[in-house]
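# Structural features, examined
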Amino acid sequence: MNINVVINQMLELFIILTLGYISAKRKIVSPKFGAQLSNFILSITLPCMMLASVASMPKDTDHKEVIMMFVIAILFYIVMPFIAYFITRILLVKKEDRHLYMYMTIWSNVGFMGFPVIASIFGAGAIFYATIFNLIFNVSNFTLGIMLMSKEGRKALDVKKFLSPGIMASIASVIMFSLKLQLPVLLNDTAKTVGSTTSALAMIVIGIALAEIPIKSVFTEIRLYPYVIIKQILLPLFAWIVLKNVIVNPYLLGIVIVIIAMPVATSTVLFANQYENNVCLATKGVFITTLASVVTIPMISYLLM
């Protein structure tokens, strides 16, 4: 494991975030552009990234490990809402912000930051397993995630919203993998190219949102500091204690733990924009946890692997 590669990858994402911040401060783009770009990512680039990821799955993959990752991912997103709610009560989160904190806890940055970081730690082949986790991430994100972030709650899950590009791409990816289907080369290459812009565009959106907040206030959200310790250090360690006797393959176990140790998902800001939630707090949460991950992810990697 090359820690310098991991740190450089994270610093690169921060530089891109800074470009979004500067462009908003210099009035090159407007906050409205950030909201529109959020919708573009959720509707176009993220679904393309999911569909293109199916082609990267190696043909000689051990099917038992694939099933194991599916089971772990499903169980993770079933159990995490209860843990997330417990954490909000420990931190005495205000009632109006509990759902947002729960969202930040349940959905970590698997796709935007997780893929490149996991590849730098475990090699390119590990992206396949992260993709499996990401498929379940998106199915739960576009259902329970919408319920948490929308003021309408369950009412937000009407047929039209459920059949969003994100959820449809997630379901299509699972079906394609199960039936060993592939997109035509031209379409797959197009989806891969469009999907590859997701990480950069998402960080630009965060930078634009951050420009609307006094920079000093980002570091005065005191509750986020103990939250970082719980989410990015204690939670991965707890997961390791529970899973080390379940996942016998240390390679697979390491991938799962690093995924859990990822910072708050950038989709927190995207969804906060789309569903008119607390964009300010969402942006602070993503920024602080992503900044902390430069230290916490190498720390967890060294301790557990």
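Throughout what follows, the structure given in this document is the object of discussion. Predicted model, so just to flag it, every value in this text is computed and none were measured. (Residues numbered from 1 in each chain as written. Predicted model: local features only at pLDDT ≥ 70, side-chain atom pairs only at ≥ 80, totals over all residues. Heavy atoms only, no water.)

## With respect to helix α8 (residues 165-178)
The condition that has to hold: Where helices and strands are cited, they refer to DSSP runs of H or I of at least four residues and of E of at least two residues respectively, numbered from the N terminus. Here the expected span of a helix is defined as 1.5 Å times the quantity of residues minus one.
Taking 1.5 Å per residue as the helical rise, α8 with its 14 residues ought to reach 20 Å, and the 20 Å between its terminal C-alpha atoms agrees with that figure. Just beyond α8, the residue with positive phi is K180, at close to 55 degrees.

## Some details on unusual backbone geometry
Stated precisely, the cut-off is as follows: Throughout, exposure labels follow a simple rule: accessible area from a 1.4 Å probe, protein chains only, divided by the maximum for the residue type, with under 20% read as buried, over 50% as exposed, and the rest as partly exposed.
Despite not being glycine, L92 shows a phi value in the positive range, around 55 degrees. For L92, the position within the fold is in the loop between α3 (63-90) and α4 (98-106). Positive phi outside glycine occurs at K180, with the angle close to 55 degrees. Its place among the elements puts K180 in the loop between α8 and α9 (185-195). According to the relative accessible area criterion, K180 is exposed, its value standing at 67%.

## Observations concerning the side chain of Q232
Spelled out, the test is: Here a polar contact means two N or O atoms within 3.5 Å. Within protein one must be a hydrogen donor candidate and the other an acceptor candidate, and residues neighboring in sequence count only if both atoms are side-chain atoms. The contact definition used throughout considers only heavy atoms, calling two residues in contact when any of these lie within 4.5 Å.
Along the polypeptide, Q232 turns up in helix α12 (residues 224-243). At 3.0 Å, the side chain of Q232 and the backbone oxygen of T289 are in polar contact. Ignoring any residue separated from it by four or fewer positions in sequence, one finds Q232 in contact with A261, M262, P263, T289, A292, S293, T296 and I300.

## A word on a nonpolar patch on the surface
Threshold: Patch construction takes residues with relative accessible area above 30% that form no salt bridge. Like charges are linked within 9 Å, and nonpolar side chains (Val, Leu, Ile, Met, Phe, Trp, Tyr) are linked within 5 Å. Here the Shrake-Rupley method, with its probe set to 1.4 Å, supplies the accessible areas, and only the displayed protein chains count as covering residues. Any Lys or Arg side-chain nitrogen located within 4 Å of an Asp or Glu carboxyl oxygen qualifies as a salt bridge.
On the surface, a nonpolar cluster with roughly 520 Å² of combined accessible area is contributed by I67, V71, I74, L75, I78 and V79. As for its placement among the helices and strands, I74 is situated in helix α3.

## A few points about helix α2 (residues 31-53)
Stated precisely, the cut-off is as follows: Values of bend correspond, residue by residue, to the angle between axes fitted over the seven residues ending at that residue and the seven starting there.
End to end, α2 covers 31 Å across 23 residues, agreeing with the expected 33 Å (1.5 Å per residue, within 8%). Bending of α2 peaks at approximately 45 degrees at the position of I41.

## Regarding the pattern of salt bridges
Within this structure, the stated rule accounts for one salt bridge. With its nearest N and O atoms 3.2 Å apart, the salt bridge here joins K284 to E221. Of this pair, K284 sits in helix α15 (residues 279-304) while E221 is found in the loop between α11 (215-218) and α12, placing the two residues 63 residues apart along the sequence. Taking relative accessible area as the criterion, K284 reaches 8% and is therefore assigned buried.

## Section: the packing of α3 against helix α6 (residues 126-149)
Defined as follows: Note on geometry: axes are lines fitted to C-alpha atoms, helical ones only across the stretch in contact, with angles between N-to-C directions running from 0 to 180 degrees. For any pair of crossing helices, the crossing counts as left-handed if the nearer helix is rotated counterclockwise from the farther one by less than a right angle, and right-handed if it is rotated clockwise.
Across the interface, α3 lies against α6 with an axial gap of 9 Å and an inter-helix angle of 35 degrees. For the pair α3 and α6, the crossing hand works out as right-handed. From α3, E65, V66, M69, F70, I72, A73, I74, F76, Y77 and P81 reach across to α6, where they touch F128, Y129, I132, F133, L135, I136, F137, S140 and L144.

## Focus: the environment of L252
Inspection of the secondary structure puts L252 in helix α13 (residues 250-260). In this structure, the C-alpha to C-alpha distance between L252 and Y129, residues 123 residues apart in sequence, is 7.9 Å. Those residues in contact with L252 that lie beyond four places of it in its chain are E65, M68, M69, Y129 and I247.

## So, the packing of α2 against α9
Just so we agree on the cut-off: Convention used here: angles under 35 degrees read as roughly parallel, angles over 145 as roughly antiparallel, angles from 65 to 115 as roughly perpendicular, and any remaining angle as oblique. The residue classification treats Ala, Val, Leu, Ile, Met, Phe, Trp, Tyr, Cys and Pro as nonpolar and Asp, Glu, Lys and Arg as charged. All others, Gly included, are polar.
The contact between α2 and α9 brings their axes to 7 Å, and the two run at 130 degrees. Our classification of the angle between α2 and α9 gives oblique. As for the relative orientation of α2 and α9, their crossing is left-handed in sense. Taking contact as the criterion, the partners of I44, T45, C48, M49, L51 and A52 in α2 are, on α9, N188, A191, K192, V194 and G195. Class assignment of the residues belonging to the contact of α2 with α9 gives a composition of seven nonpolar, three polar and one charged.

## Regarding the packing of aromatic side chains
Two aromatic rings, taken as a pair, are described by how far apart their centres are and by the angle between their planes. Rules: Classification of ring pairs uses Phe, Tyr and Trp, with its six-membered ring standing for Trp, and accepts pairs whose centres are within 6.5 Å; under 30 degrees between planes counts as stacked, over 60 as edge-to-face, and the remaining range as tilted.
Scanning the entire structure with this criterion turns up twelve aromatic pairs. On the basis of an interplanar angle of 85 degrees and a centroid distance of 6.3 Å, the ring pair of Y129 and Y251 is categorised as edge-to-face. With Y129 in helix α6 and Y251 in helix α13, the pair connects residues that are 122 residues apart, well separated along the chain. Aromatic pair F219 and F287: ring centres 5.9 Å apart, planes at 80 degrees, arrangement edge-to-face. Highlighted residues: F219 in the loop between α11 and α12 and F287 in helix α15, separated in sequence by 68 residues. Looking at F287, the relative accessible area reads 11%, which means it is buried.

As far as function goes, none of this settles anything; it's purely spatial.
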